[in-house]
Amino acid sequence: MSWIDPIFAVVVGVMTAFGATRRIAGLWVGVGGAILLRPLLGLADQAPFAAIGAALLGGLILALLGRSLFAGTRTGDWWKRTAGALGGAVLGTALVLALVTSLPIQRSPFDPNQLYYPPRDLPALVQGASQRSWTVGVGRDVLLFPLLDAQGVVPERSAPVLRGLHRLFVVGQPWRQGGGAGS
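Numbers given for residues are sequential positions, taken from 1 along each chain in its written order. Totals for whole chains, interfaces and linings use all residues, but because this is a predicted model, local features are given only for residues with pLDDT of at least 70 and pairs of side-chain atoms are given and counted only at 80 or more. Where side-chain values are given, they derive from all heavy atoms of the structure, hydrogens and water being excluded.

## Some thoughts on the side chain of Ser2
Piece 1. By the element assignment, Ser2 lies in the segment before helix 1 (4-22).
Piece 2. Here Ser2 falls in the buried class, since its relative accessible area comes to 8%. Per the convention used, a helix needs a DSSP run of H or I reaching at least four residues, while a strand needs a run of E reaching at least two, with both numbered from the N terminus. Relative accessibility under 20% of the residue-type maximum defines a buried residue, over 50% an exposed one, and the middle range a partly exposed one, all with a 1.4 Å probe and only protein chains included.

Shown next as structure tokens:
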């Protein structure tokens, strides 16, 4: 664990708290945003600026629909806050996973089959922390799941979860693209 992990935990916590304050609308926006993330990752692989525009537009539409559909639900029951917190946690976790699977892949100059994730040429402040980070390690396992599974180093009980996360957060085979991002 390193100083990066608490930062990611704060991101999830802030999104969870924000969802809880929005109650049912928070559930709507959180789950809707997490669902939109996959097509946005695919679009970002082809046209990054179009993906940014689509993300802003999609977020605005989700927020306006949530506000109009659930306008009277901002007060009241504990279960509404819990539902909103769940939506925020889903979106926060999805954003963190998208981030930790999007670092560049580095190839060894001596052996083109040797990959480094996270890359070894990050700034010094980030390099050591990313190497020790549990969250970045999970991102590496998700991103490189097919390669790790082919080598037989993925525990059997983790394989279905990692396979599903890989399908959701990784577009294409970035390890074949010569150091592309995890999107």
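## Some details on the nonpolar core
Piece 1. One finds Phe8, Leu37, Ile105, Leu143, Leu144, Val154 and Phe169 to be the most contacted residues of the largest nonpolar core, which totals 28 residues.
Piece 2. Among the elements of the structure, helix 1, helix 2 (24-46), helix 4 (78-100), helix 6 (134-143), helix 7 (145-150) and helix 8 (159-169) are those that each provide at least two residues to this core.
Piece 3. Of all the elements, helix 4 adds the most residues to this core, at 5 residues. For our purposes a nonpolar core is just a set of buried Ala, Val, Leu, Ile, Met, Phe, Trp, Tyr and Cys residues, chained together by side-chain atoms within 4.5 Å.

## A short note on the pattern of salt bridges
Piece 1. By definition, a salt bridge exists where a carboxyl oxygen of Asp or Glu is found within 4 Å of a side-chain nitrogen of Lys or Arg. By the definition in use, this model includes 2 salt bridges.
Piece 2. Its salt-bridge partner being Asp141, residue Arg140 comes within 3.1 Å of it at the nearest N-O pair.
Piece 3. A salt bridge links Asp149 to Arg163; the nearest nitrogen and oxygen atoms lie 3.8 Å apart. Placement of the pair is Asp149 in helix 7 and Arg163 in helix 8, with a sequence separation of 14 residues.

## As for the confidence of the model for the protein
In regions of low pLDDT, the predicted coordinates are not meant to be interpreted in detail.
Piece 1. Every residue gets a pLDDT, meaning the predictor's confidence in that residue, from 0 to 100. In this model, the protein carries a mean pLDDT of 85, and residues with pLDDT of at least 70 account for 93%.
Piece 2. Note on definitions: a residue-residue contact is assigned when non-hydrogen atoms from the two residues lie within 4.5 Å. Across residues 178-183, confidence stays below pLDDT 50; counting only partners more than four residues off in sequence or on other chains, it has 22 contacts.

## Examining the layout of surface pockets
Piece 1. The rule is simple: put a 1 Å grid over the protein atoms alone, call a set of points where a 1.4 Å probe fits but cannot get out a cavity, call an open set with protein on both sides within 12 Å along at least five of seven lines a pocket, and count a residue as lining if it has an atom within 4 Å of a point. Grid points are joined across faces, edges and corners, and a volume is the space filled by probe spheres set on the points. In this model, the largest pocket occupies a volume close to 340 Å³.
Piece 2. Counting only elements with at least two residues in the lining of the largest pocket, the list comes to helix 1, helix 2, helix 3 (48-69) and helix 4.
Piece 3. Taken together, the residues of the lining of the largest pocket break down into 9 nonpolar, 6 polar and 3 charged.
Piece 4. The volume enclosed by the second largest pocket comes to roughly 220 Å³.
Piece 5. Lining the second largest pocket we find Asn113, Gln114, Leu115, Tyr116, Tyr117, Arg140, Leu144, Leu147, Leu148 and Gln151.
Piece 6. For the lining of the second largest pocket, the secondary structure elements donating two or more residues are strand 2 (115-116) and helix 7. The residue classification treats Ala, Val, Leu, Ile, Met, Phe, Trp, Tyr, Cys and Pro as nonpolar and Asp, Glu, Lys and Arg as charged. All others, Gly included, are polar.

## Focus: the packing of helix 1 against helix 4
Piece 1. Running from N to C, helix 1 and helix 4 point in directions that differ by 150 degrees, and their axes come no closer than 6 Å. The orientation of helix 1 with respect to helix 4, classified from their angle, is roughly antiparallel. Seen along the crossing, helix 1 lies across helix 4 with a hand that is right-handed. On helix 4, the residues that touch Phe8, Val11, Val12, Met15, Thr16, Gly19, Ala20 and Thr21 of helix 1 are Arg81, Gly84, Ala85, Gly88, Ala89, Leu91, Gly92, Thr93, Leu95, Val96, Leu99 and Val100. Whenever a helix is involved, its axis is fitted only over the stretch in contact; in every case the axis is a line through C-alpha atoms, and angles between N-to-C directions fall within 0 to 180 degrees. An angle below 35 degrees is treated as roughly parallel, one above 145 as roughly antiparallel, one from 65 to 115 as roughly perpendicular, and anything else as oblique. Crossings are sorted by hand: turned counterclockwise from the far helix by less than a right angle, the near helix makes the crossing left-handed, and turned clockwise it makes it right-handed.

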